[in-house]
Every structure is written in structure tokens, then in C-alpha cells.
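# Coordinate analysis (summary)
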Amino acid sequence: MTTAVDKASPLRKPQLVSADQPALKKQRTVSDVNQVDQLKQLTTVVADTGDVNAIKKFSPQDATTNPSLIYKAAVMPEYASIVDDAVTYGKGDLSLTMDKLAVAFGTEISKIVPGYVSTEVDARLSFDTEGTIKKARDLIKMYEEVGVSKDRILIKIAATWEGVQAAKQLEKEGITCNLTLIFSIAQAIACAEVGCTLISPFVGRIMDWYKKANGVDGFAPTEDPGVMSVTAIYNYYKKYGYKTIVMGASFRNKEEILELAGCDRLTISPALLQELTNASSNVEQKLNATKAVNMDIPKIDMSESTFRWMMNEDAMATEKLAEGIRGFAADIVKLEDIVKSKISAKFD
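Residues numbered from 1 in each chain as written. Predicted model: local features only at pLDDT ≥ 70, side-chain atom pairs only at ≥ 80, totals over all residues. Heavy atoms only, no water.

### A short note on the overall build of the protein
Each helix and strand in the protein was counted, giving 15 helices and twelve strands. On C-alpha atoms alone, the protein measures out to a radius of gyration of 20 Å, which is about the 20 Å that the 2.2 N^0.38 rule sets for 348 residues. The dimensions of the protein, computed from C-alpha atoms along their principal axes, are 60 × 50 × 35 Å. Residues classed as buried in the protein amount to 55% of the 348 residues present. Surface accessibility of the protein: about 15,300 Å² in total, with carbon and sulfur atoms responsible for 50%. (Helix = DSSP H or I, 4+ residues; strand = E, 2+ residues; numbered from the N terminus. Rg over C-alpha atoms; globule rule 2.2 N^0.38 Å. Buried < 20%, exposed > 50% of the residue type's maximum accessible area, 1.4 Å probe, protein only. Areas by Shrake-Rupley, 256 points an atom, 1.4 Å probe, with all protein chains shown as cover.)

### Some details on the packing of helix α4 (residues 80-90) against helix α15 (residues 315-347)
Orientation of α4 relative to α15, taken along the N-to-C sense of each, is 60°, at an axis distance of 10 Å. As far as their axial angle goes, α15 and α4 are oblique. The handedness of the crossing between α4 and α15 is right-handed. Each of Val83, Asp84, Val87 and Thr88 in α4 lies in contact with α15, whose residues at this interface are Val339, Lys342, Ile343, Lys346 and Phe347. Partitioned by chemical class, the residues of the contact of α4 with α15 number five nonpolar, one polar and three charged. (Axes fitted to C-alpha atoms, helices over the stretch in contact; angles between N-to-C directions. Parallel < 35°, antiparallel > 145°, perpendicular 65-115°, else oblique. Left-handed = near helix turned anticlockwise from the far one by under 90°. Contact = heavy atoms within 4.5 Å. Nonpolar A, V, L, I, M, F, W, Y, C, P; charged D, E, K, R; others polar.)

### Looking at the nonpolar core
Judged by nonpolar contacts, the single largest core of 101 residues is most densely connected at Leu39, Ile155, Leu179, Cys191, Tyr237 and Ile268. Counting residues per element, this core draws most heavily on α15, at ten residues. Among all residues touching isoleucine 268, those that are not within four sequence positions of it are Leu39, Val45, Val46, Ala47, Asp48, Phe251, Ile257, Leu273 and Leu276. Judged by nonpolar contacts, the second largest core, of six residues, contains Tyr116, Leu154, Leu198 and Met247. (Core = buried A, V, L, I, M, F, W, Y, C linked by side-chain atoms within 4.5 Å.)

### Points about the packing of aromatic side chains
Note on aromatic pairs: each is described by the distance of the centres and the angle between the planes. Taken as a whole, this structure holds seven aromatic pairs when the rule is applied. Their ring planes at 55° and their centres at 5.3 Å tell us that tryptophan 161 and phenylalanine 307 sit as a pair that is tilted. On the criterion of sequence distance, the pair formed by tryptophan 161 in helix α7 (residues 161-172) and phenylalanine 307 in helix α14 (residues 304-313) is long-range, its members being 146 residues apart. For the pair tryptophan 161 and phenylalanine 307, one class covers both residues: buried. Relative to tyrosine 210, the ring of tryptophan 209 has its centre 5.0 Å away and its plane inclined at 80°; by these criteria the two rings are edge-to-face. An aromatic cluster is built from Tyr236, Tyr237, Tyr240 and Tyr242, whose rings are joined through pairwise contacts. The ring of tyrosine 89 has lysine 100 lying over it, and the distance from NZ or CZ to the ring centre is 4.5 Å. Over the ring of tyrosine 240 we find lysine 299, and its NZ or CZ is 5.5 Å from the ring centre. (Phe/Tyr/Trp six-rings, centres within 6.5 Å; stacked < 30°, edge-to-face > 60°. Lys NZ or Arg CZ within 6 Å of the ring centre and 35° of its normal.)

### A word on the environment of valine 164
Note that valine 164 resides in helix α7. Along the sequence, valine 164 and valine 194 sit 30 residues apart, while their C-alpha atoms lie 7.5 Å from each other. In this view, valine 164 contacts Ala159, Leu179, Ala190, Cys191 and Val194; residues no more than four positions away in its chain are not counted.

### Things to note about helix α10 (residues 225-239)
Residues that lie three or four places apart on an α-helix share one face, since the helix turns once every 3.6 residues. Spanning 15 residues, α10 covers 21 Å between terminal C-alpha atoms, matching the ideal 21 Å at 1.5 Å per step. Of all 15 residues in α10, 13 are buried; the element is thus mostly enclosed. Where α10 begins, the capping side chain belongs to aspartate 224, and its oxygen is found 2.8 Å from the backbone nitrogen of glycine 226. Directly beyond the C-terminal end of α10, a positive phi value near 75° is found at glycine 241. (Expected span 1.5 Å × (residues − 1). Polar contact = N/O pair within 3.5 Å; in protein donor to acceptor, adjacent residues only side chain to side chain.)

### Topic: the sheet that holds strand β7 (residues 177-182)
In space, the eight strands of this closed barrel follow the order β3-β4-β5-β6-β7-β8-β10-β11, with parallel pairing throughout. In this sheet, adjacent strand axes meet at a mean angle of 30° when their direction is disregarded. Pairing analysis gives four bridges linking strand β3 (residues 44-48) to strand β11 (residues 265-268), with the strands arranged parallel. Within β11, the position partnered with alanine 47 by the bridge is isoleucine 268. Those strands touched by α15 are β5 (117-120), β6 (153-158) and β7, and its axis lies near 115° from that of β7. (Pairing = 2+ DSSP bridges.)

Written out as C-alpha cells, the structure reads:
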């Protein structure tokens, strides 16, 4: 039976942990293989960084970038030549230079990872379907100019309703998409139903919101609201046979990562990859597609009105989506300021 829902997320109430009552940790058996290598046996590990040297260190399958990560990499001295080359290519055109900069970092990363590289569309286009489609086509054309096939690239788009509709058209054109800033099952279902290649549901940012809302310092790993959200999305997808890849993102600690072992993909920062490399406790599979098929999960009929209502009813998802878009837009502006100064120095 197909039903609409009046709640934004199928999450159970999380177990709160106060500062003077830390979460009890299950005793793990020590392995002679580090946790990154163990995790790679259960899920595809992705590097969440624009730092090419950090990606080389951990040998991930894929890599993701966003405006914040590109900004951090662009101000590092070792990548000054990439910025300078983009400025030369743009010939004084700021928009063209910014696109080339994103593609240039993605091209370098594509030489290291064997799988997908995610390149994000300008966050200021998050509510502009046609603008997003045009920008995605432009980015793919730039990649093809330097010999990078479009099947290596995921165009990263914020999972607004408008962003989902842009992805629907792009996927029809063979341009694969990564829908990001996902905080709600509504966003996840909308993405799956239009055939998005991959989604990036966030973990740590959800936990941040609930920590602040509940006035607590943390959650037991199994009761972490971000972990529970990604788990619910993963189980829903597997229950109903959606092919869209679930890639958990935005982790605050390695315990969140380990609680999602078995997820299709997990994109992890270099700092947390290092923590996992330094640890050798056994990694247990937590998510299981076969088990999910037999779970009792109601089907949701997704439409624009249902999407907007479910988002309206979910204060966390609404706030974090808007905050995420604003944050990425702010970092684009900061990066533009750097590029503008270089354009002025070169062409004025």
C-alpha cells in the first residue's frame, strides 16, 4: 500500500549522552588490518577533499569536492599554478575562470582516482533549474576539452526541488549527477525517482543540529541522528530497488563512519581517513541490502507538493539545507575575490 507521510523522517528518538555520561563503547576485537582497508571490503571509500596530495595518500576509489574544499586548496601554495592557469584560460571572464578552476582541480584528481570525481555547480543556482542545467553542460564540455570523459564526472547539485528537476534532465542527457546537501528522506526519494546516479546524505551536520536543539554534547554511535537518517535512506532504497548510489557524507568522527559500514559509498575527509588508518579494531558490516528488502517500510508517493510539505515539517532539514547553500555560496564569493585579484593583476 502506498501512503503519504506527515513526518519528515522515519527516525526513532535518539539516545542522548551528556558530558558526564559518555556513550558506552562495544569492545572490539583487534585486527592486523587497519580500519580503512577493512572498510574498503564493505563499502567504496571516497576522499572528501580538493587536496590532490591528500588523495594520493589514501588511494580512494572516487573523490568529491565542493566550493569550500576548492577554496581551501586554491589558497595552498602548491596549487598556485592551477589557479594561474585558470586565470589565463578565462581571459578576464570571472565566470569562465571559476568554471575552469573547478574543472582543473577535478582533472588533476581524475588522474589519481579510478572512479568518479564530483564537481559542484555554483550554489547560487540552487533554485534555478535551467541555470543549473546550462552550468552542468558547460562544465562537462570543459572536461571533454582536456580529455576527461563525462562518465568520470558527477555534477554535484544541491537537492532542492529545482536541483532535482535539473538532475532529471541531465541524467537523460547522460550527464551523471551527485545530489548533495541531503538531510531528509523526502529529498532522497525525489532524487531516486528521477534517476539520479548518486546522492550525498549528510551525517555530521544532522548531528550538529540535534546536539544544539537538545542541549547535549553527543549521541551514542548507534543513536546518532545523522547515522539513523542515512540508514533509513539506504534501507528505503534497497527495499524498493532504487539504483541510486547512497554515499554518506559530512562526518564528525570515525564512529559515525563505522556505523555505516556497508553503505554503497562513504566520502571521508583526510583527517578521518588518517584516524581510521591508525586504528585496527574489527570493522563490522552495519548496513545490509538483503536484510533491507524484507523490512516493513511504507512506500511514499513523491510529488512536488509532498516534497515541499515534508521539508516544511522537518525543521532540521529545512534549516540545514538553507545553511549549506549559503555556506557554499559564501565560499564561492571568497574564491571569486582571490580570482578577481589575479585577473586584475594579469589583465589590467
